[in-house]
Amino acid sequence: MPPPIPGLRLRSGVFDNSVCRQCTKRVLLKAGAERPVPNYPTRFFTRSTQPRNTTPLRTGYFLSNGLLARFNGTNVAPTASTPDVTDTSTLLPHRRRQAERRNAAVLAGAGSGGSSATSDAPTATMAPDASSLLAAAAAQHPADSLRRKLSSLLSLSKPRLTVLVVLSAMVPYALYPVPAFLSTAATATPSLSPLTLLFLTTGTTLCSAAANALNMLYEPDTDAKMSRTRARPLVRRLLTTKAAVLFAVGCGAAGTLALYWGVNPTVAFLGASNIAIYAGMYTPLKRLSVLNTWVGAIVGGIPPLMGWAAAAGESATADGTWRELLFASDGSSLGGWLFASLLFAWQFPHFMPLSWGIREEYKAAGLRMLAWTNPARNSRVALRYSLVFIPICLGLCAAGVTEWSFAVTSTPVNLWLVAEAVKFWRHEGHKGSAKGLFWASVWHLPVVMVLALAQKKGMWGRVWRSVMGEPEEDELEEFYDEEE
């Protein structure tokens with residue numbers, strides 16, 4: 001049977017799974033069918049009661065409707081592998097944009113059922129991630145179009161995760177206690193180099209993109225078995241393996257060089273190490289041991305060290321080696337390690353409830369996660385690491401990174417996370433406890449970071465003196481020394 005005429009308009013609901021016999025005969029004749037509809041028993045056909053709105057005939061109908069199976073003897077049923085998409089070639093511009101957005105959502109979520117990642121059901125699925133959504137959008141464009149290629153390459157970088165990595169490097173850079181000798185002549189306020197920050201963010205972005213692309217190159221088979229990743233570009237073959245390898249190698253080399261020449265060799269080494277740990281250790285370890293979660297947490301803790309070492313390199317007074325930047329004898333590097341420990345610990349109350357919601361998918365894909373190998377330990381680990389944020393915030397105050405008010409203002413959000421972790425531990429993810437802890441972790445990290453930025457040590461004192469025209473403390477000390 002030839003394909004239906006593009007853009008043919010019919011009544012809504014006529015071609016669901018119950019089709020009026022006369023309507024079917026009329027449509028097939030219009031579509032150019034070579035033979036009329038056979039005389040099937042009337043039990044196969046029912047009258048449609050849908051409203052008479054005119055809607056375009058969906059191209060996916062002839063792939064999913066059971067009536068076609070009776071015509072050619074095959075058993076075609078609606079499945080996740082045959083998503084119901086709309087042909088956009090004959091639609092008006094505004095209708096085409098709406099149909100493209102709908103097709104992207106359908107293709108990205110095919111087979112996922114749209115369930116929440118934190119449902120109590122053991123077969124819960126997750127909404128597609130950003131890479132899957134980008135890949136689904138890219139698939140709507142012609143195969144040789146530039147937009148399709150760029151969207152597919154961008155989806156290899158896992159854009160949301162990359163943004164989080166870059167932000168976790170920028171916050172310690174901004175919070176580094178800048179010495180007074182970096183004061184500018186115009187404002188007499190200590191400041192760091194914007195150019196160094198530009199190289200830091202660019203290099204970190206490229207290194208993260210390289211690590212994520214290598215991760216996708218290693219596990220397309222397991223990505224295809226999970227609802228949130230089955231629409232990624234390599235699973236859908238939107239890119240060749242060669243193109244993905246070239247993208248990963250190019251981003252890794254460019255990112256490492258940007259950090260080396262624009263920041264310092266220590267930060268470049270940390271960026272390259274993160275690529276090696278994530279792609280060379282964490283990714284293959286997911287199939288072997290539950291320790292992969294701890295290795296992945298190390299990857300999350302390295303970007304804050306990169307930001308801190310980048311700022312420390314601008315004020316280094318000795319040789320500027322990794323010992324001075326990361327293990328300073330005066331204890332000035334303590335703030336960087338505290339931020340690294342904060343990001344390391346945050347991975348567990350965030351990932352444990354996330355993985356619990358899709359534990360059956362992890363099991364089916366052969367990825368060893370505590371969520372299905374040992375659910376009780378999974379909840380205990382999340383609770384254990386949620387307790388360390390209060391002492392970490394106190395440590396940032398004691399190290400002179402933030403004001404002591406930060407210990408007070410960060411306590412409510414830290415206690416909220418602990419309370420949700422206790423519920424998660426008691427119910428082992430059931431009764432909505434996994435969902436509560438997951439969303440608490442999503443809000444916890446940005447709130448803590450913003451509070452730390454707003455209460456940087458000495459920042460508001462400098463702002464007050466600048467507004468009121470009062471001299472800086474260093475200027476007063478120099479004045480008294482001259483008087484003496």
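Residues numbered from 1 in each chain as written. Predicted model: local features only at pLDDT ≥ 70, side-chain atom pairs only at ≥ 80, totals over all residues. Heavy atoms only, no water.

**Let's talk about the overall build of the chain**
Regarding its fold elements, the chain presents 23 helices and two strands. Looking at the 484 residues of the chain, the share that counts as buried comes to 46%. Contacts in the chain between residues at least 24 apart in sequence constitute 74% of all its contacts with a sequence separation of at least 6. Accessible area of the chain: about 24,000 Å², with a carbon and sulfur share of 61%. (Helix = DSSP H or I, 4+ residues; strand = E, 2+ residues; numbered from the N terminus. Buried < 20%, exposed > 50% of the residue type's maximum accessible area, 1.4 Å probe, protein only. Contact = heavy atoms within 4.5 Å. Areas by Shrake-Rupley, 256 points an atom, 1.4 Å probe, with all protein chains shown as cover.)

**Considering helix α12 (residues 292–314)**
Over its 23 residues, α12 extends 35 Å from the first C-alpha to the last, a length consistent with the 33 Å expected when each residue adds 1.5 Å. Where burial is concerned, most of α12 is hidden: 20 out of the 23 residues are buried. (Expected span 1.5 Å × (residues − 1).)

**What to know about the side chain of S410**
Positionally, S410 belongs in the loop between α19 (405–409) and α20 (411–427). One polar contact links the side chain of S410 to the main-chain carbonyl oxygen of F406, over a distance of 2.7 Å. Sequence-distant contacts of S410, defined by excluding residues within four places in its chain, comprise C393 and L451. (Polar contact = N/O pair within 3.5 Å; in protein donor to acceptor, adjacent residues only side chain to side chain.)

**Details of the UniProt feature "transmembrane region" (unreviewed entry) in the chain**
Mapped onto the present numbering, the UniProt feature "transmembrane region" (unreviewed entry) falls on residues 161–182, 194–218, 239–261, 267–285, 292–313, 387–407 and 436–454. Along residues 267–285 the backbone is 100% helical and 0% strand, and the end-to-end C-alpha distance reaches 25 Å. Across residues 387–407, helical content stands at 62% and strand content at 0%; the span's end C-alpha atoms are separated by 14 Å. (UniProt positions renumbered as here; feature names shortened; annotations may be inferred.)

**As for unusual backbone geometry**
Of note in the backbone geometry, R237 takes a positive phi value of approximately 60° without being a glycine. Despite not being glycine, E428 shows a phi value in the positive range, around 55°. The class for E428 is partly exposed, based on a relative accessible area of 34%.

**Some remarks on the pattern of salt bridges**
Summed over the entire model, instances satisfying the criterion amount to five salt bridges. Residue D221 pairs with R287 through a salt bridge whose shortest N-O separation is 3.1 Å. Taken as a pair, D221 in helix α9 (residues 220–223) and R287 in the loop between α11 (265–285) and α12 lie far apart in primary sequence, 66 residues in all. Classification of D221 by relative accessible area gives partly exposed; the value is 41%. Residue R232 pairs with D223 through a salt bridge whose shortest N-O separation is 3.4 Å. Like D223, R232 is buried. (Salt bridge = Lys/Arg side-chain N within 4 Å of Asp/Glu carboxyl O.)

**With respect to the environment of L167**
Here L167 shows up in helix α7 (residues 159–175). A sequence separation of 279 residues divides L167 from P446, and the C-alpha atoms of the two residues are 9.6 Å apart.

**Quick word on helix α18 (residues 389–398)**
Along α18, the residues that are buried comprise F389, I392, C393, G395, L396 and C397. Elements that come into contact with the buried residues of α18 comprise α14 (334–357), α17 (375–386), α19, α20 and α21 (433–454). Positive backbone phi, approximately 80°, marks G400, located one or two places after α18.

**As for the packing of helix α10 (residues 241–262) against α11**
Running from N to C, α10 and α11 cross one another at 160°; their axes reach a closest spacing of 7 Å. Comparing their axes, α11 and α10 come out roughly antiparallel. Taken together, the residues of α11 that come into contact with α10 (itself represented by G252, T256, L259 and Y260) are P265, V267, A268, G271, A272 and I275. When its residues are assigned to classes, the contact of α10 with α11 shows seven nonpolar, three polar and no charged. (Axes fitted to C-alpha atoms, helices over the stretch in contact; angles between N-to-C directions. Parallel < 35°, antiparallel > 145°, perpendicular 65-115°, else oblique. Nonpolar A, V, L, I, M, F, W, Y, C, P; charged D, E, K, R; others polar.)

**Comments concerning the environment of V165**
Mapped onto the secondary structure, V165 falls in helix α7. Taking the relative accessible area as the measure of exposure, V165 reaches 18% and is therefore buried. Non-local contacts of V165, meaning those with residues more than four positions away in its chain, are made with T204, S208 and P303.

**Structural notes on a nonpolar patch on the surface**
A contiguous nonpolar patch, built from W460, V463, W464, V467 and M468 and spanning about 570 Å² of accessible area, is present on the exposed surface. Its location among the elements puts W460 in helix α22 (residues 459–468). (Patch = residues over 30% accessible without salt bridge, like charges linked within 9 Å, V, L, I, M, F, W, Y side chains within 5 Å.)

**Considerations on the packing of aromatic side chains**
All chains considered together, the criterion is met by twelve aromatic pairs. Seen from their ring centres, W294 and F348 are 5.2 Å apart, and the 50° between their planes marks the pair as tilted. Taken as a pair, W294 in helix α12 and F348 in helix α14 lie far apart in primary sequence, 54 residues in all. F348 carries the same exposure label as W294, and that label is buried. When the ring of F438 is compared with that of W439, the centres are 5.3 Å apart and the planes differ by 75°; the resulting orientation is edge-to-face. Residue classification places F438 among the buried positions, given a relative accessible area of 13%. (Phe/Tyr/Trp six-rings, centres within 6.5 Å; stacked < 30°, edge-to-face > 60°.)

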